[in-house]
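# Descriptive analysis of the structure
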Amino acid sequence: MSARRLPLWEVFIRSRRGLDHKHVGSLHAADPEQAMQAARDTYTRRQEGVSIWIVRAEDIHASQSDDAQAFFDPAEDKVYRHPTFYDVPEDLKL
Amino acid sequence: MSNAHFSYVLRLGDNALIIGQRLSEWCGHSPFLEEDIAMANTALDHVGRARMLLTHAGDLEGAGRDEDQLAYLRDEREFCNVLLCELPIGDFAFTLMRQYLLDVYHLHLFEALCRSQDEVLAGIAAKAVKESSYHCRRSAEWVCRLGDGTDESHRRMQSALDELWGYTDEIFAADAVDEAMRAQGIAPPLAELERLWRADVEALLARATLSVPDDNWRASGGREGIHTEHMGVLLAEMQVLQRSHPGLAW
Amino acid sequence: MPPISSPGAEARFDATIAAEEKIEPRDWMPEKYRRNLVRQISQHAHSEVVGQLPEGNWITRAPTLRRKATLLAKVQDEAGHGLYLYSAAETLGVSREQMQDDLLSGRAKYASIFNYPSLTWADVGAIGWLVDGAAIVNQISLCRTSYGPYARALVRICKEESFHMRQGFEIMQTLCGGTSEQKAMAQDALDRWWWPTLMMFGPHDAESAHSQQSMQWKIKRQSNDELRQKFVDQSVAQAEHLGLVLPDSDLKWNAARDHYDFGAIDWDEFQRVLNGGGHCNRSRIKARRDADQDGEWVREAMLTYADKQRARAVEDAA
């Protein structure tokens, strides 16, 4: 077992032109080029992608689940941000 | 069609088949999981290429032999791959160094073959050139990484290169088949491929802090069926079922 | 990173499970839930990785180039599945190195079926048909597991694995349509792999150490016995189609249960093989240990080279 560990990378793939990159999984690699090649070899074997992003896992900052109520619940009552909130004549294609 | 045409395509098919066979031996035994997957991809590209090339060779021969008859029912003396392909996998350094030397050759070869007068071959080359372009990027990166890595990896890479170098001349030694193919516009001149190959390889080896061995030992003979002693063992393993149960479907 | 506990965290966890929603990596979770998952996911990953070996044994001898390519692609998928699963387990704060150490030291288990030797080409067919068939039954059920990363890995695995069973069945079909010698080869493989495959689903529900809790937490969604029954039921028609006989004289249709009854499983053998007494236990672990040890200089070189490259980039920028 090597004393040092290979860093973890997260892999994001654009499956078709026009779509966003989507997280598909992770892998271990020593450097960006190797991570890119491993992502290609591992995650696009069945033509799953046309573009790859790789990101060092430790560079990702994520919200904590304990923050969820403070972060996301306050949006709950802002229903006026949605088109269905407004009362307009239906036949005018507004 | 000429006998030379058949021989030429068969040689390419045998190279692909035998290196594919060697690479597949790594399956499940690579230094880490990501590499198991990557190595299998490269092996699959070569097996796929072998199937297309051997099928084409069988068609050119016109004797009704398909890819499997050519792969499984010929003896050692009838195989015409270069010796470089058949050497045992050795350690990871040996496998990747060999792969790099072959990948650069294949990249330039298939780039040229895209313009072959043999349209089927040009079609196969168009597919193969994309694969080889990735193979080169991958194995070149490995040569640098291991050549310029630790003392141990450097030592292993240099020793692999020392062992392999004497087998590279054979790839570019033009014989009557190559000459006939060049004359018919089916294959590129080998001297030109060698020039491109040498320029790439020497530049990369320098970047990888590796040095080209200066001894004069050279081995060849694969294309005439004079193989290393490893070849018979490789074939015995690969062909065992077809040979021990002749004529059956699998 | 251990998620921080906060008031009401456990109630929220329970409510999430009850609502059929997924637990995600940064959520608070009971330590036992985490440990249970690490055990199950890493065991699953080890099984994929060790599972490369019995079939990998035949890649160089595959009897046609088409078979060689499909087998290679199939075994490659096993490596991929191992990788997806290790990644899922890593989100629970355990490193791949730690999991691999546990495998090599014998602390962690893997599917016992891979401790049987693959002796003939028909074994490649039987493994694809039966072992992958059983794995699919299990994994489809697990796609609804409560832990998000595990569920996502399984969805991907199930998508990819659908060809594995088919390639195995096709090999069996070709053998059974061939000479009597080939058919005998297929029957022999079925005879050897059938019972170990049934053992893959694990002990009977009543005797299963982790099952009850796993079901409550929705890590597992169907019991060992339910899944085993499903597999037996689907296999009978498949064996009939091949003209092969499942090696169980007690196997018969039970109209009252609407299922096939089948014979008693030899649990002594299961325990013996699970605890290291199988034909290949030592050689499988040795193969993995060799790969790990032989690869150490490679991994070390990769890291050293990456350090050098970073230092050069800094120098260039200066």
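Quick note: structure is the one above.
A few points on the structure. Note that the coordinates shown come from a computational prediction; the quantities given were computed from them, not determined experimentally. (Residues numbered from 1 in each chain as written. Chains lettered and ligands numbered in written order. Predicted model: local features only at pLDDT ≥ 70, side-chain atom pairs only at ≥ 80, totals over all residues. Heavy atoms only, no water.)

### Brief notes about the interface of chain A and chain C
Counting residues at the interface gives 26 residues for chain A, matched by 31 residues for chain C. Between chain A and chain C, the buried area comes to about 2,700 Å², and carbon and sulfur atoms account for 46% of it. At the surface where chain A touches chain C, the tally comes to seven salt bridges. A:R5 serves as the salt-bridge partner of C:E97, at 3.9 Å between the closest nitrogen and oxygen. Seen at the junction of chain A and chain C, the total is eight residue pairs in polar contact (both at pLDDT 80 or more). Counting only elements with at least two residues in the side of chain A that touches chain C, the list comes to β2 (21-28) and α1 (32-43) of chain A. Looking at which element gives the most residues to the side of chain A that touches chain C, the answer is β2(A), with four residues. Broken down by class, the residue content of the side of chain A that touches chain C amounts to nine nonpolar, nine polar and eight charged. (Contact = heavy atoms within 4.5 Å. Buried area = accessible area lost by both parts, 1.4 Å probe. Salt bridge = Lys/Arg side-chain N within 4 Å of Asp/Glu carboxyl O. Polar contact = N/O pair within 3.5 Å; in protein donor to acceptor, adjacent residues only side chain to side chain. Helix = DSSP H or I, 4+ residues; strand = E, 2+ residues; numbered from the N terminus. Nonpolar A, V, L, I, M, F, W, Y, C, P; charged D, E, K, R; others polar.)

### Some points on the sheet that holds strand β3 (residues 51-56) of chain A
Residues and elements named next belong to chain A. Strand order in this open sheet of three strands is β2-β1-β3, and the pairing throughout is antiparallel. On the outer flanks of this sheet lie β2 and β3, each paired with one strand and no other. Neighbouring strand axes in the sheet, compared pairwise and without regard to direction, differ in orientation by 25° on average. Pairing of strand β1 (residues 8-14) with β2, which is carried by seven bridges, proceeds in the antiparallel orientation. (Pairing = 2+ DSSP bridges. Axes fitted to C-alpha atoms, helices over the stretch in contact; angles between N-to-C directions.)

### Observations concerning the packing of helix α7 (residues 148-176) of chain C against helix α8 (residues 180-199) of chain C
Residues and elements named next belong to chain C. For the pair α7 and α8, interaxial distance at closest approach is 7 Å and the crossing angle is 140°. Put simply, α7 runs oblique to α8. Residues M172, L175 and C176 of α7 touch α8, and the partners they reach there are Q182, K183 and A186. A class-by-class count of the residues in the contact of α7 with α8 yields four nonpolar, one polar and one charged. (Parallel < 35°, antiparallel > 145°, perpendicular 65-115°, else oblique.)

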